[in-house]
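Structural overview
Listed here are the chains, written in short residue letters.
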Amino acid sequence: ATAQTNEELLRQVNAALRPGQSGAVHDLGRQLKPGGIAELEQVAGELAKQNLRVRFVTVPRGTADVGALTETAYRDAQLGATDLLIVFDGRRVYGKTEALQGDRAAFDEAFKEAAPAFKLYAAKGMAQFARSLQQRIRARADRATQEAEAARAQAAELAEERAAWVRYLIGLPTMIAA
């Protein structure tokens, strides 16, 4: 694939991801059967109920640097922490979400879980990859919530200790005078 072909493909991906476009599945690479498209639309609906908007995109086999295309399309579409973009080129799958930024291991683990499904058919693998990533996003969010709750509890405990010291210090002159 030439650079111009990739530029045209990026324009197509960006058009597919534009707000107002219907559907979560964009089979630009013509790699999915109607049943696979329906399966991915169903998975997208399930994940949307869990506050994750997933978009599935296929690109033609042989597309050069699909990873860079995924990154650029994600940025151009101004997707965020509640968005997941999955791009499949017939051989490799790429995922991008701010919710797992910097956590390469999460993507690697999700792919390992999805690998057997990819051997069945592409849509099954893409669906499993999305579900596995969603589980990791939820686990990360749960950890962050637990850490925030622990920090709030610690701050409340420190505030109570300070308040007790203030009450003690305010009462000290009364005790000394007596």
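Above this text you will find the structure in question.
Everything in this summary refers to the structure shown in the same document. Quantities reported herein were computed from a predicted structural model and do not represent experimental measurements.

Across four bridges, the pairing between strand 3 (residues 83–88) and strand 4 (residues 93–96) is antiparallel. Within strand 4, the residue paired with F88 across the bridge is V93. Between strand 3 and strand 4, which pair antiparallel and follow one another directly, the connecting turn spans four residues, one of which, G90, has a positive phi of 95 degrees.

Another aspect to go through is the layout of surface pockets. In this approach the atoms are scanned with a rolling probe the size of a water molecule, which exposes any empty space left behind. Estimates place the volume of the largest pocket at around 450 Å³. Forming the boundary of the largest pocket are 19 residues, of which Y94, G95, R104, F107 and D108 lie nearest the centre. Of all the secondary structure elements, the ones that give two or more residues to the lining of the largest pocket are helix 3 (66–76), strand 4 and helix 4 (104–120). Here the lining of the largest pocket is composed, by residue class, of six nonpolar, six polar and seven charged.

Grouped together as the largest cluster of nonpolar side chains are 29 residues, with contacts concentrated most on L40, V54, F56, I86, M126 and F129. Considering each element in turn, this core owes the most residues, eight residues, to helix 5 (residues 122–177). Filtering out sequence-adjacent residues up to four positions away, V54 remains in contact with A24, A44, L47, L84, I86 and A130. Of all hydrophobic cores here, the second largest spans 13 residues; its members include V13, L17, V57 and L79.

The next thing to look at is the packing of aromatic side chains. Overall, the coordinates contain two aromatic pairs when judged by the stated rule. Considering the side-chain rings of F111 and F118, the 6.1 Å spacing of their centres and the 35 degrees angle between planes classify their relative orientation as tilted. Judged by relative accessible area, which is 17%, F118 ranks as buried. Three or more aromatic residues link up through ring pairs in this structure, and these residues are F88, F111 and F118.

What follows concerns unusual backbone geometry. Residue R30 is not a glycine yet carries a positive backbone phi of 50 degrees. As for its position among the elements, R30 is in the loop between strand 1 (25–27) and helix 2 (34–48). On the basis of relative accessibility, which here comes to 69%, the residue R30 falls in the exposed class. For N51, which is not glycine, the phi torsion reads 65 degrees and is therefore positive. Looking at the element boundaries, N51 is found in the loop between helix 2 and strand 2 (53–58).

Taking strand neighbours across the sheet as the criterion, the four strands line up as 1-2-3-4 in an open arrangement whose pairing is mixed. Of all strands in the sheet, those bounded by a partner on one side alone are strand 1 and strand 4. Each adjacent strand pair in this sheet contributes to an overall mean axis angle of 10 degrees, direction not counted. The strands that helix 2 touches are strand 1 and strand 2; relative to strand 2, the one it contacts most, it runs at about 160 degrees. Lying over the sheet, helix 3 contacts strand 3 and strand 4, oriented at roughly 150 degrees with respect to strand 3.

Let us now look at the pairing of strand 3. Along any regular strand the residues' side chains alternate between the sheet's two faces. Taken across its six residues, strand 3 has six buried, putting it largely inside the fold. In terms of strand pairing, strand 2 meets strand 3 through six bridges, oriented parallel. Within strand 3, the position partnered with R55 by the bridge is L85. The handedness of the strand 2 to strand 3 crossover, carried by helix 3, is right-handed.

Within the secondary structure layout, T97 lies in the loop between strand 4 and helix 4. Reaching out from T97, the side chain makes a polar contact with the backbone nitrogen of A99 at a distance of 3.2 Å.

Calculation criteria
- Residues numbered from 1 in each chain as written.
- Predicted model: local features only at pLDDT ≥ 70, side-chain atom pairs only at ≥ 80, totals over all residues.
- Heavy atoms only, no water.
- Pairing = 2+ DSSP bridges.
- Helix = DSSP H or I, 4+ residues; strand = E, 2+ residues; numbered from the N terminus.
- 1 Å grid on protein atoms, 1.4 Å probe; cavity = no way out; pocket = protein on both sides within 12 Å on 5 of 7 lines; lining within 4 Å.
- Points joined across faces, edges and corners; volume = space filled by probe spheres on them.
- Nonpolar A, V, L, I, M, F, W, Y, C, P; charged D, E, K, R; others polar.
- Core = buried A, V, L, I, M, F, W, Y, C linked by side-chain atoms within 4.5 Å.
- Buried < 20%, exposed > 50% of the residue type's maximum accessible area, 1.4 Å probe, protein only.
- Contact = heavy atoms within 4.5 Å.
- Phe/Tyr/Trp six-rings, centres within 6.5 Å; stacked < 30°, edge-to-face > 60°.
- Axes fitted to C-alpha atoms, helices over the stretch in contact; angles between N-to-C directions.
- Right-handed = clockwise from strand over helix to strand, strands pointing away.
- Polar contact = N/O pair within 3.5 Å; in protein donor to acceptor, adjacent residues only side chain to side chain.

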